[in-house]
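Commentary on secondary and tertiary structure
Spelled out, the chains give:
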Amino acid sequence: MTDRSPAPLRRTAIAVSVLGALIAIFLLAPMLIILPVGLSANTFLRFPPSALSTRWFEEIFSDPAWRAGVVQSVKVAAVATVLAVVAGTGAALALRRLRRGRRVVRTAMIAPMVIPQLVLALGLYLGVRDLGGTAGIATLMLGQAVLATPLVYLTVTAGLSTVDPALSRAAHGLGHRWPSVLLRVELPLVARTVAGASVLAFGLCFDESVLAYYLSPPGQETLPTRIWLAASQQASPVIAAVSTLVIGLAIALMGLSVALTGTRRDT
Amino acid sequence: MSMRVRIEALTVHLSGTRILHDLDLEVPAGSFVTLLGPSGSGKTTTLNVLAGFAAASAGRVLLGDRPIEGLPAHRRDIGFVFQNYALFPHLTVAQNVEFALLARKVPRARRGELVAAALELVQLPGLGARPVRALSGGQQQRIALARALVFGPALLLLDEPLAALDKQLRETMQIELKRIQRETGTTTIAVTHDQGEALSMSDQVAIMNGGRIEQVDTPEEVYRRPASRFVAEFLGDANLLAVRSGRVELFGLPVQGAAEGTTVIRPEDLVLTGNGSGGPAVTATVTDVVYQGSRLRLSAAVAGRDRPLLVSTVPGELSGTPRTGDRIDLRHRGGVLRTLRDTDAGPVAVADPLAGPVPDGAVVQPSFGAP
């Protein structure tokens, strides 16, 4: 097919491919540096490493402080994901039925993506204090849920667009009230999309560093905060090793999400 | 179970536009009525209001003696077959058919019996375990019907039920639909833009135009005795002729109704030979010959008329096939003619028929050939 396309088109295709490859290299280059550094046998951050070993990866799993960070991140991300999935999926399903004002609500739903995270962190901190509480892990969970909700909302909305609206009407016409329509028709049809969105939301919350840095109380830091603290105190390759693990997890979650939402469309 | 439907002065506005004007329609229990009209005539809106998917601005809808216009869709007890069937893709055939029974808290054993009976009715027994996406278009249509009928609805609504099928399947399903409707005796209202479908399936056809009903009658009556110009032109081919002093222009036949106006003469009512009983013969020149297999369609120019007359005849009845340029004698087959009511809301703007020959555009030729 390609050899039949006119020459200018073929040249454009080549140019675009080259450009795409260059951008990919630029984006992925830090990972190409971090991985060897994490595998370094040296005591200090150094590139290229003079010898290779897995000692820093071993240290992560043996050091209780790093392990606590991982556990904390998983806990916070899991709760935030549940909140974001409920809010985002609910909004996506509800907005489909909205006749008027859909654009306004939609914009409001996406707002957390454009609001600077620092502003959100400060707002949550001051808000909780004004209400008489102390910002802590619960505040952090709530904040991360706010960040992840637009992601869930957008993903589920995209998934819903492939679902025929007549199906909901058919279910109503056959005698089912809305909770039954939701449980029997709408949710099963977007289940895979919701699962994919949950994975993405979990990835986002697990890596989230700004809110975590400002809101986690001392001694309860999540993994990104711990990396940040470690990097400011020492220049050990263990940081590169932890980063490699975090990046690896992100790639694995991305792949899982694509696998969940991409194949077999229910229409 | 089957019930009478009565629509009284139904008016619907959708985002500021009036879609239905003061619609009245009575559908007797157990009968099959088709709403037929061009797109935008309000037929689908009528169906959606009946089902509870669209709200009425004014008017009443009675199912039996119960007003239903204020009820939500899930409390109306109406079966609906969607144009694209809207089968639930994540469920099996049996689960789809069973769906309405779940809302009605029917015990499991009874559900199984009803589903089996419904699948039997649509002649697809034993297909229950299949996923719906494995079905062909015709099978999906039948399953959609089974799903809409399994709970014994008081009314069955069909939205363009055969539009998604190919021509041969459509003809088979017309007969099937009619059989299933007869067997269950369910009051049925269908919407279609296909006149062949409407004429062959229905007990009564309601012709809709611009949010109003132009005429409700049996298929034969609406075709043979259209009440308005719109109906005459929308159904099949029509020659529109002026009426003056109670007689049809050209053929001189007496006309019932208003003494001045327009009447319709169907192409198959004109005969080439001297066999016709009514009125004098008219001499015409053949301008076009279309061989359609079972029919032969001629266009014939007549002195003093802008538009040629359309003539539809059986090829075998003629001694020889006329050719373009031949002079022929036309006669009317005879029968009762009547003056048409002019329609103000029609898409076909019609000039005053008294002003002279029937204007351009008066003879419309929809896709449906002469029956």
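Since the model is a prediction, treat every value here as computed from it, not as a measurement.

1. Considering the overall build of chain B
Helices and strands together make up the secondary structure of chain B, namely eight helices and 20 strands. Within chain B, the proportion of its 371 residues that are buried is 51%. A separation threshold of at least 6 residues defines the contact pool for chain B, and within that pool the share at least 24 residues apart is 69%.

2. Section: a positive patch on the surface
A contiguous patch of positive charge on the surface is contributed by A:Arg177, A:Arg184, B:Arg66, B:Arg75 and B:Lys105. One can find A:Arg177 in the loop between helix H7 (166–173) and helix H8 (178–207).

3. Comments concerning the side chain of B:Glu160
All names here are of chain B. Along the chain, the position of Glu160 falls in the loop between strand E7 (155–159) and helix H5 (167–184). A polar contact of 3.0 Å, which involves the side chain of Glu160, links it to the side chain of His193. Excluding its chain neighbours within four sequence positions, the residues that come into contact with Glu160 are Lys43, Gln83, Val191, Thr192 and His193.

4. Some words on helix H4 (residues 137–149) of chain B
Taking 1.5 Å per residue as the helical rise, H4(B) with its 13 residues ought to reach 18 Å, and the 19 Å between its terminal C-alpha atoms agrees with that figure. Within H4(B), ten of the 13 residues are buried, leaving the element largely enclosed by the surrounding structure. Within H4(B) the residues assigned to the buried category are B:Gly138, B:Gln141, B:Arg142, B:Ile143, B:Ala144, B:Leu145, B:Ala146, B:Arg147, B:Ala148 and B:Leu149. Buried residues belonging to H4(B) abut H7 of chain A together with strand E6 (78–81), helix H2 (93–103), helix H3 (108–121), E7 and H5 of chain B.

5. Quick look at the sheet that holds strand E5 (residues 66–67) of chain B
Residue and element names in this part refer to chain B. The four strands lie next to each other as E2-E1-E4-E5, forming an open sheet whose pairing is antiparallel. Both outer strands of the open sheet, strand E2 (17–27) and E5, are each paired with one neighbouring strand and no more. The pairing of strand E1 (residues 5–14) with strand E4 (residues 58–63) spans five bridges and is antiparallel. Its bridge partner lying in E4, Thr11 is registered against Ala58. Helix H1 (residues 43–51) contacts E1, E2 and E4 of the sheet and is inclined by roughly 110° relative to E1.

6. Brief notes about the layout of surface pockets
Sizing a probe to match a water molecule and rolling it over the atoms shows the empty space that remains. Reported here for the largest pocket is a volume of approximately 540 Å³. A:Leu93, A:Arg96, A:Arg97, A:Leu98, A:Arg99, A:Arg102, A:Pro165, A:Ser168, A:Arg169, A:His172, A:Glu186 and B:Phe53 together form the lining of the largest pocket. Elements with a contribution of two residues or more to the lining of the largest pocket: helix H3 (64–97) and H7 of chain A. When grouped by side-chain class, the residues that make up the lining of the largest pocket number four nonpolar, two polar and six charged.

7. Examining the nonpolar core
Judged by nonpolar contacts, the single largest core of 115 residues is most densely connected at B:Phe88, B:Val97, B:Leu145, B:Leu157 and B:Ile189. Among the elements that make up this core, the one with the highest residue count is H8(A) (eleven residues). Apart from residues lying up to four places away in sequence, B:Ile189 is in contact with B:Val5, B:Val27, B:Val33, B:Leu35, B:Leu47, B:Leu50, B:Leu155, B:Leu156, B:Leu157 and B:Leu158.

8. Focus on empty space enclosed by the protein
All chains considered together, the criterion is met by three cavities of 30 Å³ or more. Space inside the second largest cavity adds up to approximately 50 Å³. What lines the second largest cavity is simply A:Ala170, A:Gly173, A:Leu174, B:Ile78, B:Gly79, B:Phe80, B:Phe82 and B:Arg147. Broken down by secondary-structure element, the contributors of at least two residues to the lining of the second largest cavity are H7 of chain A together with E6 of chain B. With three residues, the top contributor of residues to the lining of the second largest cavity is E6(B). Residue composition of the lining of the second largest cavity, by class: five nonpolar, two polar and one charged.

9. Notes on the interface of chain A and chain B
Contacts between the two partners involve 19 residues from chain A and, on the opposite side, 20 residues from chain B. Across the chain A to chain B interface the summed buried area is about 1,800 Å²; carbon plus sulfur atoms make up 64%. Put simply, chain A and chain B have zero salt bridges between them. The interface formed by chain A and chain B includes five residue pairs in polar contact (both at pLDDT 80 or more).

10. Here's the deal with the confidence of the model for chain A
This prediction gives chain A a mean pLDDT of 87; 96% of its residues lie at or above 70. Per-residue pLDDT, averaged within each element of chain A, yields its smallest value for helix H2 (residues 55–62) of chain A (82) and its largest for H7(A) (94).

11. Observations concerning the pairing of E2(B)
Residue and element names in this part refer to chain B. In the sheet, E1 pairs with E2 via seven bridges, with the strands oriented antiparallel. The residue of E2 that forms the bridge with Leu10 is Leu23. As consecutive antiparallel partners, E1 and E2 are separated by two residues, and within that stretch Ser15 has a phi angle of approximately 40°, a positive value.

12. Considerations on the confidence of the model for chain B
Residues and elements named next belong to chain B. Here chain B shows a mean pLDDT of 85. Residues at 70 or above account for 90%. Confidence scores differ between elements of chain B, with strand E12 (residues 247–248) showing the lowest mean pLDDT of 82 and strand E3 (residues 32–36) the highest of 96. Low pLDDT (under 50) marks residues 344–371, which in the prediction has 66 contacts with non-local residues, meaning those over four places away or in another chain. Here the predicted complex carries an ipTM of 0.78, next to a pTM of 0.79.

13. Digging into the side chain of B:Glu176
Inspection of the secondary structure assignment puts B:Glu176 in helix H5. With residues up to four places along the chain from it excluded, the contact list for B:Glu176 reads B:Gln123 and B:Arg142.

14. Some words on unusual backbone geometry
Residues and elements named next belong to chain B. A positive phi angle is found at Asp77, which is not glycine, with a value near 65°. By secondary structure assignment, the location of Asp77 is in the loop between E5 and E6. Backbone geometry at Tyr85 places phi at a positive 75°, although glycine is not the residue there. Among the structural elements, Tyr85 can be located in the loop between E6 and H2.

15. Regarding the packing of H2(B) against H3(B)
All names here are of chain B. Relative to each other, H2 and H3 sit at 120°, their axes nearing to 10 Å. On the basis of the axis angle, H2 is oblique to H3. For the pair H2 and H3, the sense of crossing is right-handed. Facing H2, whose interface residues are Val93, Ala94, Val97, Glu98, Leu101 and Leu102, H3 presents Arg111, Leu114, Val115, Ala118 and Leu119. Residues of the contact of H2 with H3, tallied by class, amount to nine nonpolar, no polar and two charged.

16. Details of the environment of B:Val290
All names here are of chain B. By secondary structure assignment, the location of Val290 is in strand E16 (residues 278–291). Using a relative accessible area of 28% as the deciding quantity, one classes Val290 as partly exposed. When the C-alpha positions of Val290 and Gly128 are compared, they lie 49 Å apart, and in sequence the two are 162 residues distant. Not counting chain neighbours up to four residues away, the residues in contact with Val290 comprise Arg295, Leu296 and Arg297.

Procedures and definitions
Residues numbered from 1 in each chain as written. Chains lettered and ligands numbered in written order. Predicted model: local features only at pLDDT ≥ 70, side-chain atom pairs only at ≥ 80, totals over all residues. Heavy atoms only, no water. Helix = DSSP H or I, 4+ residues; strand = E, 2+ residues; numbered from the N terminus. Buried < 20%, exposed > 50% of the residue type's maximum accessible area, 1.4 Å probe, protein only. Contact = heavy atoms within 4.5 Å. Patch = residues over 30% accessible without salt bridge, like charges linked within 9 Å, V, L, I, M, F, W, Y side chains within 5 Å. Areas by Shrake-Rupley, 256 points an atom, 1.4 Å probe, with all protein chains shown as cover. Salt bridge = Lys/Arg side-chain N within 4 Å of Asp/Glu carboxyl O. Lys, Arg positive; Asp, Glu negative; His and termini not counted. Charge placed at Lys NZ, Arg CZ, Asp CG, Glu CD. Polar contact = N/O pair within 3.5 Å; in protein donor to acceptor, adjacent residues only side chain to side chain. Expected span 1.5 Å × (residues − 1). Pairing = 2+ DSSP bridges. Axes fitted to C-alpha atoms, helices over the stretch in contact; angles between N-to-C directions. 1 Å grid on protein atoms, 1.4 Å probe; cavity = no way out; pocket = protein on both sides within 12 Å on 5 of 7 lines; lining within 4 Å. Points joined across faces, edges and corners; volume = space filled by probe spheres on them. Nonpolar A, V, L, I, M, F, W, Y, C, P; charged D, E, K, R; others polar. Core = buried A, V, L, I, M, F, W, Y, C linked by side-chain atoms within 4.5 Å. Buried area = accessible area lost by both parts, 1.4 Å probe. pLDDT = per-residue confidence, 0-100. Parallel < 35°, antiparallel > 145°, perpendicular 65-115°, else oblique. Left-handed = near helix turned anticlockwise from the far one by under 90°.

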